[in-house]
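# An overview of the molecular structure
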Amino acid sequence: MPEDRPYGIARAALRTACAWLAAAALALAAGCANAPGGADGARPKNIIILFADGAAPAQWELGKYSSRVLRNQPFAVTDVVFRQGALGLLSTHSNDAFVTDSAAAASAMSTGFKVDNFTVSVTPDGKSPRTAMETARAAGKKIGLVTTAEIYDASPAAFSVHAKNRAESQSIVDQLFRLEPDVMLGGGRDYFLPRTAPGGRRSDGRDMLAEFAQKGYRIARDPQQLNAAAGPRLLGLFAEADMSFEIDRDPVKEPSTAEMTQAALAVLSRSNPSGFVLFVENENTDSAGHFTDAAGVMRALWAFDDAVKVALEFQQRSPADTLIIVTGDHETGGLSATYALREPGGKRFYTGPSHLQMLNRIDISFGAAARALGKKPSPEALDRLIAQHFPGFTLDADLRELILNQRPLDRHYSYPTQNALGQMVARQTGIYWGTSGHTPEPVAVGALGPGAELFRGYQDNTDFARHLQRLIEGK
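The rules behind these values
- Residues numbered from 1 in each chain as written.
- Predicted model: local features only at pLDDT ≥ 70, side-chain atom pairs only at ≥ 80, totals over all residues.
- Heavy atoms only, no water.
- Helix = DSSP H or I, 4+ residues; strand = E, 2+ residues; numbered from the N terminus.
- Rg over C-alpha atoms; globule rule 2.2 N^0.38 Å.
- Buried < 20%, exposed > 50% of the residue type's maximum accessible area, 1.4 Å probe, protein only.
- Contact = heavy atoms within 4.5 Å.
- Areas by Shrake-Rupley, 256 points an atom, 1.4 Å probe, with all protein chains shown as cover.
- Pairing = 2+ DSSP bridges.
- Phe/Tyr/Trp six-rings, centres within 6.5 Å; stacked < 30°, edge-to-face > 60°.
- Lys NZ or Arg CZ within 6 Å of the ring centre and 35° of its normal.
- Core = buried A, V, L, I, M, F, W, Y, C linked by side-chain atoms within 4.5 Å.
- Axes fitted to C-alpha atoms, helices over the stretch in contact; angles between N-to-C directions.
- Parallel < 35°, antiparallel > 145°, perpendicular 65-115°, else oblique.
- Left-handed = near helix turned anticlockwise from the far one by under 90°.
- Nonpolar A, V, L, I, M, F, W, Y, C, P; charged D, E, K, R; others polar.
- pLDDT = per-residue confidence, 0-100.
- Arc of directions from axis to C-beta.
- Salt bridge = Lys/Arg side-chain N within 4 Å of Asp/Glu carboxyl O.

## Structural notes on the overall build of the protein
A count of helices and strands for the protein gives 19 helices and 16 strands. Its C-alpha radius of gyration of 22 Å places the protein within 12% of the 23 Å reference for a compact globule of 475 residues. For the protein, the residues scored as buried account for 60% of the 475 residues in total. In the protein, the proportion of contacts linking residues at least 24 apart, taken out of those at least 6 apart, comes to 73%. As presented, the protein carries roughly 17700 Å² of accessible surface, and 50% of it is formed by carbon and sulfur atoms.

## A word on the pairing of strand 3 (residues 142-150)
Within a regular strand, the side chains alternate between the two sheet faces. Within strand 3, 9 of the 9 residues are buried, which leaves the element mostly enclosed by the surrounding structure. By the bridge criterion, 6 bridges tie strand 3 to strand 7 (residues 276-282) in an arrangement that is parallel. If you follow glycine 144 over to strand 7, its bridge partner there is leucine 278.

## Concerning the packing of aromatic side chains
Counted according to the given criterion, the structure contains 15 aromatic pairs. Considering the side-chain rings of tryptophan 60 and phenylalanine 82, the 5.8 Å spacing of their centres and the 90 degrees angle between planes classify their relative orientation as edge-to-face. Taken as a pair, tryptophan 60 in helix 3 (residues 57-71) and phenylalanine 82 in helix 4 (residues 76-84) lie far apart in primary sequence, 22 residues in all. An identical accessibility class is assigned to tryptophan 60 and phenylalanine 82; each is buried. Among the aromatic residues, those joined into a ring-pair cluster are Phe177, Phe192, Phe212 and Tyr217. Over the ring of tyrosine 339 we find arginine 348; its NZ or CZ atom is 4.4 Å from the centre of that ring.

## Some remarks on the nonpolar core
For soluble globular proteins, the rule of thumb is that nonpolar side chains tend to be buried together. In terms of nonpolar packing, the biggest core is built from 80 residues, with Leu50, Trp60, Leu185, Val326 and Phe390 touching the most fellow members. Per element, the largest residue contribution to this core is 13 residues, and it comes from helix 13 (residues 294-317). In this structure, Ala136, Phe279, Ile325 and Phe464 belong to the second largest nonpolar core, which totals 52 residues.

## Section: the sheet that holds strand 7
Read across the sheet, 10 strands follow the order 5-6-4-3-7-1-8-15-2-16 without closing on themselves; strand pairing throughout is mixed. Strand pairing shows two members of the sheet lacking a second neighbour, strand 5 (218-220) and strand 16 (457-460), which therefore form its edges. Averaged over all neighbouring strand pairs, the angle between strand axes comes to 15 degrees, with direction disregarded. The sheet contacts of helix 13 involve strand 1 (46-52), strand 7, strand 8 (322-327) and strand 15 (443-448), and relative to strand 1 the element is tilted by about 170 degrees. Of the strands in this sheet, strand 1, strand 2 (86-91), strand 7, strand 8, strand 15 and strand 16 are in contact with helix 19 (residues 461-473), which crosses strand 16 at around 95 degrees.

## Points about the packing of helix 14 (residues 353-361) against helix 18 (residues 416-429)
At a minimum axis separation of 10 Å, helix 14 and helix 18 run at an interaxial angle of 150 degrees. With respect to their mutual orientation, helix 14 and helix 18 come out roughly antiparallel. Once helix 14 is placed against helix 18, the crossing between them reads as right-handed. Within the contact between the two elements, helix 14 uses His355, Met358 and Leu359 and helix 18 uses Val425, Gln428 and Thr429. Of the residues belonging to the contact of helix 14 with helix 18, the class tally is 3 nonpolar, 3 polar and no charged.

## Some words on the confidence of the model for the protein
Chain-level statistics for the protein give a pLDDT mean of 92 and a share of 91% at 70 or above. pLDDT under 50 marks residues 1-40. Its contacts with residues more than four places away, or in other chains, come to 86 contacts.

## Some details on helix 16 (residues 379-389)
Of all the positions in helix 16, only Ala381, Leu382, Leu385, Ile386 and His389 are classed as buried. Looking straight down helix 16, one finds that the buried residues subtend no more than 130 degrees of arc, so they occupy a single side. Turned more than 90 degrees off the buried face of helix 16, the exposed positions are Arg384, Ala387 and Gln388. As for helix 16, its buried residues are in contact with helix 14, helix 15 (366-373), helix 17 (397-405) and helix 18.

## Re the packing of helix 4 against helix 13
Close contact between helix 4 and helix 13 brings their axes to 9 Å; oriented N to C, the two are set at 40 degrees. With respect to each other, helix 4 and helix 13 are oriented oblique. On the side of helix 4, the interface is formed by Ala76, Val77, Val80 and Val81, while helix 13 contributes Phe304, Asp305, Val308, Lys309 and Leu312. Of the residues contributing to the contact of helix 4 with helix 13, the split by class is 7 nonpolar, no polar and 2 charged.

## Brief notes about the pairing of strand 8
Among the 6 residues in strand 8, 6 count as buried, and that is most of the element. Side chains Thr322, Ile324 and Val326 of strand 8 all project onto a buried face; the interleaved residues Leu323, Ile325 and Thr327 project onto the opposite face, where all are buried too. The pairing of strand 1 with strand 8 spans 6 bridges and is classified as parallel. Its bridge partner being in strand 8, phenylalanine 51 is matched across the sheet by threonine 327. Sheet topology places strand 8 next to strand 15; 4 bridges connect them, and they run antiparallel.

## Describing the pattern of salt bridges
Scanning the model with the defined rule gives 24 salt bridges in all. Between arginine 71 and aspartate 306 there is a salt bridge whose closest N-O contact spans 3.6 Å. Residue arginine 71 is found in helix 3, and its partner aspartate 306 is found in helix 13; the two are separated by 235 residues along the sequence. Arginine 206 is paired through a salt bridge with glutamate 211; the nearest N and O atoms lie 2.6 Å apart. Taken together, the shared-partner salt bridges in this structure form one network comprising Asp174, Arg202, Asp204, Arg206 and Glu211.

## Looking at unusual backbone geometry
With phi around 60 degrees, glutamate 180 is a residue other than glycine that occupies positive phi space. By the element assignment, glutamate 180 lies in the loop between helix 8 (169-179) and strand 4 (183-187). At glutamine 406, a position not held by glycine, the phi torsion is positive, near 55 degrees. Its location among the elements puts glutamine 406 in the loop between helix 17 and helix 18. Given the relative accessible area of 26%, glutamine 406 is considered partly exposed.

Shown next as structure tokens:
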């Protein structure tokens, strides 16, 4: 993609650490001066929330270490936002469980109220407290949603609208139509189209793409159309459901998280006296964690970090006006790089650079591998897949049997093919997983810019929402 296009990524800046390190230093100086309790008590005009679903400290360390070893790049999340800004931890339990789902976690972080799992910003007594984006709209700010998931998925939905169940996709799209975010970029084209259209799933016959276009939205279906889009409103839907994992992504068909962030910022910062709130999510860090896919998580973390760099470059242009917040909603997978035996009774090894090099040679996500093998994998197809896409790895006999017979590793693993592949990688790299689900590990939150100090320390995820809404309202 040419670098001089209006929504193109400044790739040289992404490759050059000094540019965004300087940006962060300027932003930190402005943020410290203007944080609550500062000399002028200023509040941010713009807020960029960068949200890695399923990411907690172990994931951030994988991103940092692998980025240095394999990309020879600093990792902006840890090396700039966490290191130079305010750093805190958030507890994540939902109203009805110790272990949260994404809908309940994002709802608490958006509204300041605990809700039950699978609920989107609706409290147990049936109330619908104001979401972060509803607060931003009431404050006269522009609002934007960016995600690699469906645009109506749990996290972007909980930061915007309300539903008794996260599966109410059509209702969520209808509410987004009424809320009118200035930017929406991600997947989920299916619930914008009627069932009579290819890939459409709407039961009421409405063509929401046409209806959004009538409201003045430019519609984009691929990166080329995203680059060409101009105007005050932008709707880009690049997949029928979730967008591809970064390791599988075709750049001709789907933009990166960084490219979507750049496009969103270009729209939101234009003619913008009251500022904006932008929510940017990479959901693949969560999905790859469910699949116990260390290579998929690693690539998703890099893609997310490139988007953080885009945000830091934007902040450099107005450091006193812009607050950057980096966080996740919960931990997925119980990620644990460790030391392990090469084989039963063998010599112990510690996870290190050579094992990350093995990860880097994997060129397919576990989800794509499972789809390629199907529900009844043949021994020949499985052997070909391992040889082609997992160079240097050996599939042990017990794991091979689990895949061929489609049996899970244990009760807390839900994906037979993916989780067996994850165990294969773990045995040979030391990067293990405790589950294919979520865990109650606290998540990190880092903030850089005016208002950042509110997020320091150990807090609940409902505190996050109260701070965020206070800053949006300018209080």
